[in-house]
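Each chain, written out:
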Amino acid sequence: MIINKRPGGSVTALGLLAVLAAAACDAINPTRVNNPTTTDDDLAEAKNPTEALMPGLRAQFARMINAYVVATSVISDDYSIHGTGIVVDMDEPHLVTPDLVNSTGTSASGAYWNVQELRALGDFVIDVIIPNDPNPDPSHVAEAHYYRGMAYLTLGEIFSHAPHEEDGQAQPASAALDKAVTDLQSATAFGPQAQAALARAHRLLGDAAAATAAANSALGSTPDLLFAPEYDGAFLANTSVFFLVLRALQEMQPLPRLDFLDPKYTERGSPIAIAKAEEMHLILAEAALAAGNLEAARTGLVNAINLAGTRGTVSFDDIDERRNADLSLRPRSSQIMIRADSDSPYRAGLVKDRPADGLEVPSVSATSLDADSVAGLESADELWHALWLARQEIMLLEGRRLADLGIKLPMMRREIDQNTNIDDGSPGTVAIVPAYIPQTPRYAMDIYSPVEIYDGTGPDAQLLVTEVTMFVDMNRVLVRNNASPFR
């Protein structure tokens, strides 16, 4: 269903009503409607127009999360693609083009459309409906600003440039983040998740003081903050579950060193965390590290690790055989030890036995880091490495890793073709991939050795080796390249 005339465009009342219908929300019955076409004026004259349109914003927010969580996970070094449900070129950042981000669905290729759709829906509610609503509920006004702020935050987080209006000129990521801050400051009455989003936005803008203040505000309000909108499993299903669990060949396979965290979402209705206290502690640790305060950095890291350890697990009967695209077996035995690169030590406990009944998997947060060990780290580089690893593990499948790697996606092809202010080759039409992201061999961030781990591909295949080495430790690369926005 296409609502916008163009992906960077505006939304009509009829379009927003269609979103509500798709989300199986209550029907809207504006006054003085005598034909099937609902106009903006009709909707503005509804009894409670702002309240009536909130379900549509919530539904589109869920769709946006769905799309960018899958896309950012497979393009980064979190997951590799082994199947036909996701275009395999999305597994290699250097191969990502506008043609790969042009879907209007909630799949891995629909990130741009869904982010712009939420922004446009937010514009309609905030700029058209609320000013004409004689008595809008302040909580709904704050909530609407939160959703539009999250759209701008996501635009700035994963795209280098994008228009903010129909046929508009492409704006840099910093402009989107500035608008996110403005909206989120108007959304603080919606809850501490708005302060958490502000901390994220300020971090991406490199403002350590503002990010720290927002993170502390979120933690001060709710020390165990967890904002995770749920999916209904039918009209709004958690899309990643299809690629992680439901399809016969699970297309999204985690890096072997992240195996113990997978699958984070096990049911169609599994919630996806959008704001949580662990991230706030990690932002505080990162700001402290950038300022040279190693003691405060250790404290922040330990707090994040300890809190992650309290989130618990869910029991799951896992049928995943852990296969590559050629059906060869990936690491699937707890006997296997993994090292992050050839200069790192082998670590046990990163790989689970699969297939397995009653597998315990973390559904919110978990990490392989030990709080006591992190508390004993003395050098800044060691702490930076622990920080990047903690961010990757604790926020797996939450959409953060792509930005941490410094990768920016291009806008969708339809935007480029239809927007007269945007041409091929102009800012925002090509992926931005930092030089430190390895380009050779292909899929370098995902590969490991040896490739042949088992003596066959059947259910009784036996281990040939128990030590596996990842080709590159991107967390070590991030440390070497001072990749933090605060640096």
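Computed from a predicted model, the values in this text were never measured in an experiment.

Structural notes on the overall build of the protein
At step 1: Along the backbone of the protein there are 16 helices and 11 strands.
At step 2: Out of the 487 residues belonging to the protein, those deemed buried represent 59%.
At step 3: Taking as baseline every contact in the protein between residues at least 6 positions apart, the subset at least 24 positions apart corresponds to 75%.
At step 4: Taken as a whole, the protein presents about 18200 Å² of accessible surface, with 49% of it coming from carbon and sulfur.

Digging into the side chain of Asp473
At step 1: Residue placement: Asp473 occurs in the loop between strand E11 (467-470) and helix H16 (474-480).
At step 2: When sequence neighbours within four positions are dropped, the list of residues in contact with Asp473 reads Arg257, Ala340, Asp341, Ser344 and His385.

Thoughts on the side chain of Arg413
At step 1: Along the chain, Arg413 turns up in helix H15 (residues 413-418).
At step 2: Side-chain polar atoms of Arg413 contact the side chain of Asp99, separated by 3.3 Å.

Quick word on helix H7 (residues 192-204)
At step 1: Its 13 residues place the ends of H7 19 Å apart at the C-alpha level, agreeing with the 18 Å of an ideal helix rising 1.5 Å per residue.
At step 2: The buried fraction of H7 is high, at 12 of 13 residues.
At step 3: All of the buried residues in H7 are Pro192, Gln193, Ala194, Gln195, Ala196, Ala197, Leu198, Ala199, Arg200, Ala201, His202 and Arg203.
At step 4: Looking one or two places after H7, you find Gly206, whose phi comes out positive at around 80°.

A look at unusual backbone geometry
At step 1: In the segment running from Asp262 into Pro263, the intervening peptide bond is cis, with an omega of -5°.
At step 2: Considering the arrangement of structural elements, one finds Pro263 in the loop between strand E5 (252-254) and strand E6 (275-276).
At step 3: In this model, Thr440 is joined to Pro441 through a cis peptide bond whose omega is -10°.
At step 4: Even without glycine at this site, Asp167 takes up a positive phi of about 60°.
At step 5: Within the secondary structure, Asp167 sits in the loop between strand E2 (161-162) and strand E3 (171-172).
At step 6: With a phi close to 55°, Arg322 is a non-glycine residue in the positive phi region.

With respect to the packing of helix H5 (residues 138-158) against helix H6 (residues 173-185)
At step 1: H6 packs onto H5 with a crossing angle of 160° between their chain directions and a minimal axis gap of 7 Å. The pairing of H5 with H6 is recorded here as roughly antiparallel in orientation. Considering only the axes of H5 and H6, their crossing is left-handed. Contacts between H5 and H6 involve His145, Tyr146, Arg148, Gly149, Met150, Tyr152, Leu153, Leu155, Gly156 and Glu157 on the former and, on the latter, Ala173, Ala176, Leu177, Lys179, Ala180, Asp183 and Leu184.
At step 2: Within the contact of H5 with H6, the residues separate by chemical class into 10 nonpolar, 3 polar and 4 charged.

What about the sheet that holds strand E10 (residues 448-449)?
At step 1: Strand order in the open sheet formed by 3 strands is E8-E11-E10, with mixed pairing between adjacent strands. Strands with a single pairing partner mark the edges of an open sheet, and in this sheet they are strand E8 (337-339) and E10.
At step 2: The pairing of E10 with E11 spans 2 bridges and is antiparallel. Looking across to E11, one finds that Tyr448 is bridged to Met470.

Quick notes on the packing of aromatic side chains
The geometry of an aromatic ring pair is captured by the separation of the ring centres together with the interplanar angle, meaning the angle of the planes.
At step 1: Within the structure shown, the criterion is met by 9 aromatic pairs.
At step 2: Residues Phe61 and Tyr146 carry aromatic rings whose centres are separated by 5.8 Å and whose planes lie at 70° to one another, so their mutual orientation is edge-to-face. Of this pair, Phe61 sits in helix H3 (residues 49-75) while Tyr146 sits in helix H5, and the two are 85 residues apart along the sequence.
At step 3: Phe61 gets classed as buried once you look at its relative accessible area, which sits at 2%.

Considering the nonpolar core
At step 1: Phe61, Tyr146, Met252, Ile274 and Leu301 are the most contacted members of the largest nonpolar core, which has 141 residues in total.
At step 2: For this core, the element with the highest residue contribution is H3, accounting for 14 residues.
At step 3: Filtering out sequence-adjacent residues up to four positions away, Leu301 remains in contact with Leu282, Ala285, Val374, Leu383, Ala386, Leu387 and Ala390.

Some thoughts on the pairing of E11
It is a general feature of regular strands that their side chains alternate between the two faces of the sheet.
At step 1: One ladder, built from 3 bridges, connects E8 with E11; its direction is parallel. Along E11, the bridge assignment pairs Ile338 with Val468.

Thoughts on helix H10 (residues 277-290)
At step 1: With 14 residues, H10 should reach 20 Å at 1.5 Å per residue; the first-to-last C-alpha distance of 20 Å fits that figure.
At step 2: Most of H10 sits out of view: 13 of its 14 residues are buried.

Re the packing of H6 against H7
At step 1: The N-to-C vectors of H6 and H7 enclose an angle of 160°; their axes lie 9 Å apart at closest approach. Comparing their axes, H7 and H6 come out roughly antiparallel. H6 and H7 meet at a crossing whose hand is left-handed. Only Ala194, Ala197, Leu198, Ala201, His202 and Leu204 of H7 make contact with H6, whose side of the interface consists of Leu177, Val181, Leu184 and Gln185.
At step 2: Its residues assigned to classes, the contact of H6 with H7 shows 8 nonpolar, 2 polar and no charged.

Here we look at the environment of Ala275
At step 1: Here Ala275 lies in strand E6.
At step 2: Expressed as a C-alpha distance, the spacing of Ala275 and Ala197, which sit 78 residues apart in the sequence, is 7.1 Å.
At step 3: Not counting residues up to four positions away in its chain, the partners in contact with Ala275 are Gln193, Ala196, Leu225, Leu226 and Phe227.

Some remarks on the environment of Ala273
At step 1: With respect to the secondary-structure elements, Ala273 resides in the loop between E5 and E6.
At step 2: Residue classification places Ala273 among the buried positions, given a relative accessible area of 5%.
At step 3: A sequence separation of 44 residues divides Ala273 from Pro229, and the C-alpha atoms of the two residues are 7.1 Å apart.
At step 4: When near neighbours in sequence (up to four residues on either side) are disregarded, Ala273 contacts Leu226, Phe227, Ala228, Tyr265 and Glu398.

Here is what the cut-offs are and how they apply
- Residue numbers run consecutively from 1 along every chain, following the written order of its sequence.
- In view of the model being predicted, local features appear only for residues whose pLDDT reaches at least 70, and side-chain atom pairs are presented and counted only at 80 or more, with totals across whole chains, interfaces and linings using the full set of residues.
- Side-chain descriptors were evaluated using all non-hydrogen atoms of the structure, hydrogens and water having been removed beforehand.
- Numbering of helices and strands runs from the N terminus, with a helix taken as a DSSP run of H or I at least four residues long and a strand as a DSSP run of E at least two residues long.
- For every residue, the accessible area (1.4 Å probe, protein chains only) is compared with the maximum for its type, and the residue is labelled buried under 20%, exposed over 50%, or partly exposed between those bounds.
- Any two residues having at least one pair of non-hydrogen atoms within 4.5 Å are treated as being in contact.
- Computed with the Shrake-Rupley method and a 1.4 Å probe, the accessible areas treat only the protein chains shown as cover for residues.
- Counting of polar contacts relies on pairs of N or O atoms within 3.5 Å, with two restrictions inside protein: one atom must be capable of donating a hydrogen and the other of accepting it, and residues adjacent in sequence are counted only when both atoms are side-chain atoms.
- To estimate how far a helix should reach, multiply one less than its number of residues by 1.5 Å.
- Axis lines are fitted to C-alpha atoms, over the contacting stretch for helices. Their N-to-C directions set the angle, which ranges from 0 to 180 degrees.
- Any angle that falls under 35 degrees is termed roughly parallel, while one over 145 is termed roughly antiparallel, one within 65 to 115 roughly perpendicular, and all others oblique.
- A crossing counts as left-handed when the near helix is turned anticlockwise from the far one by less than a right angle, and as right-handed when that turn is clockwise.
- Only Asp, Glu, Lys and Arg are considered charged, only Ala, Val, Leu, Ile, Met, Phe, Trp, Tyr, Cys and Pro nonpolar, and every remaining residue, Gly among them, polar.
- Note: two strands are recorded as paired if DSSP finds a minimum of 2 bridges between them.
- Each pair of aromatic rings taken from Phe, Tyr and Trp, with Trp reduced to its six-membered ring, is defined by centres within 6.5 Å and is described as stacked if the planes are under 30 degrees apart, edge-to-face if over 60, and tilted in the remaining cases.
- The criterion is simple. A nonpolar core is a set of buried Ala, Val, Leu, Ile, Met, Phe, Trp, Tyr and Cys residues joined through side-chain atoms within 4.5 Å.

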